[in-house]
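Report on the structure
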Amino acid sequence: MIAKMDLNEVKNIFSGLPSPLKDEFSEEIISANNFKLERIISEGHSSPPEFWYDQDKNEFVLLVSGSAKLSYDDGKSFALKSGDYLIIPAHQKHRVDWTDPNKKTIWLALHY
């Protein structure tokens, strides 16, 4: 699910968290021609088996809360905790191996 946020309105990254969270939740915060910023909420979610993201744009991903593990198709993996960020180059195949099943994991993802 993707929803656009209202402009000229104060929002809080921790408010409006969907519960229960059957599927990973994504909402677009802002976008323009060359970038998109989105908030993603995960809770025990992961990429489907054998699935790899292969995006046309670079991605800056910041883990605001929770924890997660990302992997690249070259075997590199990254354990992320609150405050950690990673820049994923365009066309670097990657996947989410796991997110914390006991706490909502909140991501900010900037595609540029």
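Use the structure listed above.
Each chain carries its own residue numbering, running from 1 in the written order of its sequence. In keeping with the predicted nature of the model, local features appear solely for residues at pLDDT of at least 70, side-chain atom pairs appear and are counted solely at 80 or more, and the whole-chain, interface and lining totals rest on all residues. To get the side-chain values, take all heavy atoms of the structure and skip hydrogens and water.

A run of DSSP states H or I qualifies as a helix once it reaches four residues; a run of E qualifies as a strand once it reaches two. Both are numbered from the N-terminal end. Along its length, the protein chain carries zero helices and eight strands. For the radius of gyration, the atoms used are the C-alpha atoms, and the globule rule reads 2.2 Å times the number of residues raised to 0.38. The C-alpha atoms of the protein chain give a radius of gyration of 14 Å, which matches the 13 Å a tight globule of 112 residues would have. Taken along the three principal axes of its C-alpha coordinates, the protein chain extends 40 × 35 × 25 Å. The 112 residues of the protein chain split such that 35% are buried. When checking whether two residues touch, look at their non-hydrogen atoms; a contact exists if any pair is within 4.5 Å. Across the protein chain, contacts joining residues at least 24 apart in sequence account for 64% of those joining residues at least 6 apart. Only the protein chains shown count as covering a residue, and every accessible area follows the Shrake-Rupley method with a 1.4 Å probe. Counting every atom, the protein chain has about 6,900 Å² of accessible surface; 54% of that belongs to carbon and sulfur. Only protein chains enter the accessibility calculation, which uses a 1.4 Å probe. A residue is then buried if its area is under 20% of the maximum for its type, exposed if over 50%, and partly exposed in between.

Let us look at unusual backbone geometry. Cis geometry marks the peptide bond from Ser-19 to Pro-20; its omega dihedral reads -5°. The topology assignment puts Pro-20 in the segment before β1 (25-32). Even without a glycine there, the phi angle at Glu-50 is positive, about 65°. Mapped onto the fold, Glu-50 is located in the loop between β2 (35-42) and β3 (59-65). Exposure remark for Glu-50: the relative accessible area of 72% places this residue in the exposed category.

So, on to the side chain of Ser-65. In this structure, Ser-65 sits in strand β3. Setting aside residues up to four positions removed in sequence, Ser-65 forms contacts with Phe-14, Ser-82, Lys-104, Thr-105 and Ile-106.

Let's shift gears to the pairing of strand β4 (residues 67-72). β4 sits mainly inside the fold: five of its six residues count as buried. Sheet topology places β4 next to strand β5 (residues 77-81); five bridges connect them, and they run antiparallel. Its bridge partner being in β5, Lys-69 is matched across the sheet by Ala-79. Here β4 folds back onto β5 in antiparallel fashion, the turn holding four residues, of which Gly-75 has a positive phi close to 100°. Paired strands, in this sense, are two strands between which DSSP finds at least two bridges.

Nonpolar side chains collect at one region of the surface, where Ile-30, Phe-35, Tyr-85, Ile-87 and Tyr-112 lie side by side and expose about 480 Å² of accessible area between them. Structurally, the position occupied by Ile-30 is in strand β1. Take Ile-30: its relative accessible area is 40%, and that puts it in the partly exposed class. Within this analysis, patches are made of residues with over 30% relative accessible area and no salt bridge. Like charges are joined at 9 Å or less; nonpolar side chains (Val, Leu, Ile, Met, Phe, Trp, Tyr) at 5 Å or less. By definition, a salt bridge exists where a carboxyl oxygen of Asp or Glu is found within 4 Å of a side-chain nitrogen of Lys or Arg.

Moving on, we get to the side chain of His-94. Assignment of secondary structure puts His-94 in strand β7 (residues 94-99). Assessed through its relative accessible area of 4%, His-94 is described here as buried. Each residue touching His-94, except ones within four places of it in the same chain, is listed here: Trp-52, Tyr-53, Gln-55, Glu-59, Ser-71, Tyr-72 and Ile-88.

Here we take up the sheet that holds β5. Through backbone hydrogen bonds, the strands of a sheet pair up, either in parallel or in antiparallel fashion. Strand order in this open sheet of three strands is β5-β4-β7, and the pairing throughout is antiparallel. The sheet is open, and its two edges are formed by β5 and β7, each paired on a single side. Taking the axes of each pair of neighbouring strands and ignoring which way they run, one obtains an average angle of 25° across the sheet. Axes here refer to lines fitted to C-alpha atoms; in helices the fit is confined to the stretch in contact. Angles between the N-to-C directions go from 0 to 180 degrees.

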